[in-house]
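Examining the three-dimensional arrangement
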Amino acid sequence: MRPPEVLLDDFDTVYDFYRDHRQNRAKALAAYAFLARRFRPRVHFADGAPEAVRALVRSGRPMLIAVNHLSRHDPYTVAAAAWRSPLRRLIGRVRVLAKDELFVDPKLRKQVDMMGAIPVFRGKDHGLRAVNAAGQRMMDICAERLARGDHLAVFPEGTCNVVDPSRVQPVGSGIGHIAFRAQKLGAAPVLLSLALSYGPGRGDGTEPSKEEVVGSSFYFGEPVTELPTRPAEISRLVRADLQLALDGAVAAY
């Protein structure tokens, strides 16, 4: 199926495509390896997390990977950290939620498609009422993919943190609804918090410097294998667990 134009007015066609889209794994592996060499992130783990993450990767159990969002560089540094961690084995089977504007430019779209992205039509860009139906469909598609054994990486804050990089912003209900719907489909997703820090934050909305981006610090929290059964409770857990991981990333910087 030819990739459709990513338009809100045609979201059904868009999500029909991304229900089954698979990137070229060989190209994805090469891209992740290149990013790891370019950005050289430092990867740290909570006590027991390396063994727990490796065991989960071997088990094939779907993972919901939550990452805090600090800058436009994050997708690249996160990919680099994945390559330098037990998540390397999952490359090609991880879906990544990405704002729809990243799918406009053909060259950029090839890159995000290669990374396994699924487009998100955000209320802040199109209006909450306008994106409601598309958002419901997107969450259904994500839940289906988790139930089929894929993994999902999400920036649950929804936008870059320009206030205090050491504190996780409010987390929307979307990640909770995705996990809840996956549970309804018979899946048992695991929450894995992956926090990043570019160093002491200025809180003024400026992008991190080149040196800060290259010297990023990542911290894997201990996986949460039993999630609540209500979307709001899941979202609250995501924020609390991601904050624990972020404290570790800041301390390890």
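You'll find the structure just up there.
These numbers were taken from a predicted model, which means no experiment stands behind them.

What counts and what doesn't
- Here the residue index of a chain counts from 1 through its sequence in written order.
- Given that the model is predicted, a residue must reach a pLDDT of at least 70 before its local features are reported, and side-chain atom pairs must reach 80 or more before they are shown or counted; all residues, however, enter totals for whole chains, interfaces and linings.
- Side-chain measures were taken over the full set of non-hydrogen atoms in the model, leaving aside hydrogen atoms and water.
- Put simply, DSSP H or I for four residues or longer makes a helix, DSSP E for two residues or longer makes a strand, and each gets a number counted from the N terminus.
- Every angle, taken between N-to-C directions, lies between 0 and 180 degrees, and every axis is a line fitted to C-alpha atoms, over only the stretch in contact when it is a helix.
- Any angle that falls under 35 degrees is termed roughly parallel, while one over 145 is termed roughly antiparallel, one within 65 to 115 roughly perpendicular, and all others oblique.
- Should the near helix be turned counterclockwise from the far one by less than a right angle, the crossing is left-handed, whereas a clockwise turn marks it as right-handed.
- Contacts are assigned to residue pairs with any non-hydrogen atoms lying within 4.5 Å of each other.
- For each residue, the accessible area found with a 1.4 Å probe, counting protein chains only, is set against the maximum for its type, and the residue is called buried under 20%, exposed over 50%, and partly exposed in between.
- A pair of strands is treated as paired once DSSP finds two or more bridges between them.

**A look at unusual backbone geometry**
- One non-glycine residue, Arg40, lies in positive phi territory at about 45°.
- Its location among the elements puts Arg40 in the loop between helix H2 (25-39) and strand S1 (42-45).

**A closer look at the packing of helix H8 (residues 174-184) against helix H10 (residues 231-252)**
- Look at H8 against H10: their axes get within 7 Å of each other, and the N-to-C directions meet at 125°. Judged on the interaxial angle alone, H10 and H8 are oblique. In the crossing of H8 with H10, the sense of the turn from one axis to the other is right-handed. For the pair H8 and H10, contact is made by Ile175, Gly176, His177, Ala179, Phe180 and Gln183 and by Pro231, Ile234, Ser235 and Val238, respectively.

**Description of the pairing of strand S7 (residues 217-220)**
- Residues Ser217 and Tyr219 point to one face of S7 and Phe218 and Phe220 to the other, with burial holding for every one of them.
- Note: S1 against S7, four bridges, orientation parallel. Counted as the bridge partner of His44 is Tyr219 from S7.
- Bridge count for strand S6 (residues 190-197) against S7 is four bridges, and the pairing is antiparallel. Bridge assignment links Leu194 to a residue of S7, and that residue is Phe220.

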